[in-house]
Amino acid sequence: MRTLFLILAALSTLGAPPCQGQNPVREQKPECVILLHGLIRTSSAMTPIADALREEGFIVVNQDYPSRKYSIGELSDLAVNTGLDRCRQEGAQRVHFVTHSLGGILVRYYLSEKPIPELGRIVMLAPPNKGSTLIDLFEAFPELGDIIGPAGYQLGTNEESVPLMLGPANHEVGIITGDHTVNPVMSTYLKAPNDGKVTVESARLEGMTDFLIVPHSHPFIMRNNNVIGQTIYFLYFGKFKKPDPE
């Protein structure tokens, strides 16, 4: 658990002191975390989180999947089922998820279709839970379809939006999203506070357990040490570490 305490120490310098007299409460049984990357990314994007989780003693499945090849339904079955099989082969008795962008929608879709008996907690990083208007732009340029693939087109805000068809969260779900960007052109189009691809409001999900806004951008949020620390904290405690009231 060395990583957790190093992270909490770092958080303390940001005005969020670690809990006094509170130790990690993870039960002494095998627990697995399935990582799901976002659209047009690979599992390597989640490597920093994977490394930190392994240092905490979790079984980690950094699941790759062909994000531009299939629909959300097909990708959900492929990625989540494969990840669950790998966790179960390792003897995990509890399974958590940490996702980036599209990965969170895959988990939501899967849970709308079937239960996961050993489900633990879910942390979603920059999820387009209410769709993204940027995706709507691609409808005017069908020749760009290969860039985002079938699943990408399903992340818009029109009548075919899969995120808008899914129900509220009925599990422990923590969401971290950014309000900074490295793409000012896209951010200007989105108008509302956003991370360059997803607005802060779009990341919200009815029924979520906790919500955190950080000063980071969509492509790199999963590599930030503070975000990694908050992710681990949520997996332990079911909430994010917030600054104590002054």
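Just so it is clear, the model here is predicted, and its values are computed rather than measured.

Chemist: How should I be thinking about the packing of helix H2 (residues 47-55) against helix H10 (residues 225-237) in this particular structure?
Modeler: When two helices pack together, you describe them by how their axes are tilted relative to each other and by the distance separating the axes. The interhelical angle for the contact between H2 and H10, taken along N-to-C directions, is 45°, at an axis separation of 10 Å. Classified by the angle between their axes, H2 and H10 sit oblique to one another. The interaxial crossing formed by H2 with H10 has right-handed handedness. In contact with Pro48, Ile49, Ala52 and Leu53 of H2, H10 contributes Ile228, Ile232 and Leu235. Along the lines of polarity and charge, the residues of the contact of H2 with H10 split into 7 nonpolar, no polar and no charged.

Chemist: Teacher, can you tell me more about the pairing of strand S5 (residues 173-178) here?
Modeler: With respect to burial, S5 is a largely interior element, 6 of its 6 residues being buried. Side chains of S5 alternate between two faces, with Val173, Ile175 and Thr177 and Gly174, Ile176 and Gly178 buried alike. By the bridge criterion, 4 bridges tie strand S4 (residues 119-125) to S5 in an arrangement that is parallel. Its bridge partner being in S5, Ile122 is matched across the sheet by Val173. Relative to strand S6 (residues 210-214), S5 is paired through 5 bridges, and the arrangement is parallel. In the sheet register, Gly174 faces S6, and the bridge partner there is Asp210.

Chemist: Hey, could you run me through the sheet that holds strand S2 (residues 59-63) in this one?
Modeler: Reading across from one edge, S2-S1-S3-S4-S5-S6 is the order of the 6 strands in this open sheet, with parallel pairing throughout. Both edges of this open sheet fall to S2 and S6, since each of them pairs with a single strand only. When the angles between neighbouring strand axes are averaged without regard to direction, this sheet yields 15°. As paired elements, strand S3 (residues 94-100) and S4 share 5 bridges and run parallel to each other. Along S4, the bridge assignment pairs His100 with Leu125. Running over the sheet, helix H3 (residues 72-89) touches strand S1 (31-36), S2 and S3 and is turned about 155° from S2.

Chemist: Sorry, what's going on with H2 here?
Modeler: For an α-helix, the turn length of 3.6 residues means that residues three or four places apart are oriented alike. Among the residues of H2, those classed as buried are Ile49, Ala50, Ala52 and Leu53. Seen along its axis, H2 keeps its buried residues to an arc of 165°; they face one direction. Note on H2: the residue one or two positions beyond its end, Gly57, has a positive phi of about 100°.

Chemist: How should I be thinking about the packing of H3 against helix H4 (residues 102-113) in this particular structure?
Modeler: At a minimum axis separation of 9 Å, H3 and H4 run at an interaxial angle of 85°. Comparing their axes, H4 and H3 come out roughly perpendicular. Across the interface between the two elements, Ile72, Gly73, Leu75, Ser76, Asp77, Ala79, Val80, Asn81 and Leu84 from H3 touch Leu102, Ile105, Leu106, Tyr109 and Tyr110 from H4. Each residue belonging to the contact of H3 with H4 can be placed in one class, and the counts come to 10 nonpolar, 3 polar and 1 charged.

Chemist: Explanation requested: the nonpolar core in the structure shown.
Modeler: One broad rule of soluble globular proteins: the nonpolar side chains tend to lie buried together. Phe97 and Leu102 are the most contacted members of the largest nonpolar core, which totals 40 residues. Apart from the residues within four sequence positions on either side, Leu102 is in contact with Gly38, Leu39, Tyr65, Ser67, Ile72, Leu75, Pro128, Ala151 and Leu155. Counting 28 residues, the second-largest nonpolar core is a separate cluster that includes Leu53, Val98, Val123 and Met222.

Chemist: Which parts of the structure should I look at to understand the state of the cysteines?
Modeler: Disulfides are covalent bonds that connect the sulfur atoms of two cysteines. A complete count under the given rule lists 1 disulfide for this structure. Linked covalently through their sulfurs, Cys32 and Cys87 form a disulfide whose S-S length is 2.0 Å. In this structure the cystine formed by Cys32 and Cys87 twists about its S-S bond by roughly -65°; its chirality is therefore left-handed. Here Cys32, found in strand S1, pairs with Cys87, found in helix H3; they are 55 residues apart in sequence, far enough to count as distant. Neither residue differs from the other here; Cys32 and Cys87 are each classed as buried.

About the criteria used
- Residues numbered from 1 in each chain as written.
- Predicted model: local features only at pLDDT ≥ 70, side-chain atom pairs only at ≥ 80, totals over all residues.
- Heavy atoms only, no water.
- Axes fitted to C-alpha atoms, helices over the stretch in contact; angles between N-to-C directions.
- Helix = DSSP H or I, 4+ residues; strand = E, 2+ residues; numbered from the N terminus.
- Parallel < 35°, antiparallel > 145°, perpendicular 65-115°, else oblique.
- Left-handed = near helix turned anticlockwise from the far one by under 90°.
- Contact = heavy atoms within 4.5 Å.
- Nonpolar A, V, L, I, M, F, W, Y, C, P; charged D, E, K, R; others polar.
- Buried < 20%, exposed > 50% of the residue type's maximum accessible area, 1.4 Å probe, protein only.
- Pairing = 2+ DSSP bridges.
- Arc of directions from axis to C-beta.
- Core = buried A, V, L, I, M, F, W, Y, C linked by side-chain atoms within 4.5 Å.
- Disulfide = S-S within 2.5 Å.

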